[in-house]
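Coordinates in review
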Amino acid sequence: METLADLIARHAKPGHIEWIGLRPLRLHIMKSVASASLTGTGLQGDHSRAGKRALTLIQAEHLPVIAALVGLPHLGPETLRRNLVVSGMNLNALRGRQLRIGPAIVEVTGICAPCSRMEEALGHGGYTAMRGHGGWCARVVETGEISVGDPVAPV
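Parameters and conventions
Residues numbered from 1 in each chain as written. Predicted model: local features only at pLDDT ≥ 70, side-chain atom pairs only at ≥ 80, totals over all residues. Heavy atoms only, no water. Helix = DSSP H or I, 4+ residues; strand = E, 2+ residues; numbered from the N terminus. Buried < 20%, exposed > 50% of the residue type's maximum accessible area, 1.4 Å probe, protein only. Lys, Arg positive; Asp, Glu negative; His and termini not counted. Salt bridge = Lys/Arg side-chain N within 4 Å of Asp/Glu carboxyl O. Polar contact = N/O pair within 3.5 Å; in protein donor to acceptor, adjacent residues only side chain to side chain. Contact = heavy atoms within 4.5 Å. Arc of directions from axis to C-beta.

In this fold, Arg82 is placed in the loop between α2 (63–70) and β6 (84–87). For the buried Arg82, no salt bridge is present, and the opposite-charge side chain at shortest range is Asp46, 11 Å distant. At 3.0 Å, the side chain of Arg82 forms a polar contact with the backbone oxygen of Leu80. Here the side chain of Arg82 touches Cys112 through a polar contact of 3.2 Å, landing on its backbone oxygen. Filtering out sequence-adjacent residues up to four positions away, Arg82 remains in contact with Trp19, Met30, Thr56, Leu57, Ile58, Cys112, Ala113, Pro114, Met130 and Gly134.

Structure follows, in structure tokens:
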């Protein structure tokens with residue numbers, strides 16, 4: 001008989017990077033890039049925070065949900081200000097786990113809560129629409145060059 005730990009560790013398939021975004025300064029607009037160097041403090045060229053918030057990730061499957069909750073026909077990832085959009089696997093199931101992203105490894109450290117800027121970016125109710133869908137923060141364990149299309153899988 002399988003244990004709960006066995007079930008929690010199982011994923012149907014690896015995901016992959018759909019989008020990479022950098023913001024050179026704190027409140028600047030996100031810039032989409034095809035690849036970036038993941039350093040010990042986050043993505044090179046990004047106004048990142050070292051430590052447990054060095055990288056932010058959001059699940060691609062949540063973008064249409066957030067758009068629907070605020071009445072938008074489409075929502076681009078740059079609006080949500082997360083570094084990576086990952087599709088194909090449930091990021092919510094990975095808190096405290098390590099992920100291999102291309103050649104790099106990160107540890108999912110906690111929820112990336114929405115900020116009050118989401119009201120401005122998404123309109124009335126934007127902050128609440130992001131709750132539960134805002135993504136995750138991670139710290140860098142092993143550095144490397146990552147690219148759109150790279151696989152994302154639990155270590």
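Further notes follow.
Turning our attention to α2. Residues that lie three or four places apart on an α-helix share one face, since the helix turns once every 3.6 residues. Every buried residue of α2 is listed here: Leu63, Ile66, Ala67 and Val70. Mapping the buried residues of α2 onto a view down its axis gives an arc of 100°, with all of them on the same face. Exposed residues pointing more than 90 degrees away from the buried face of α2 are listed as Pro64, Ala68 and Leu69. On the buried face of α2, the contacting elements are β5 (55–59), α3 (117–122) and α4 (126–130).

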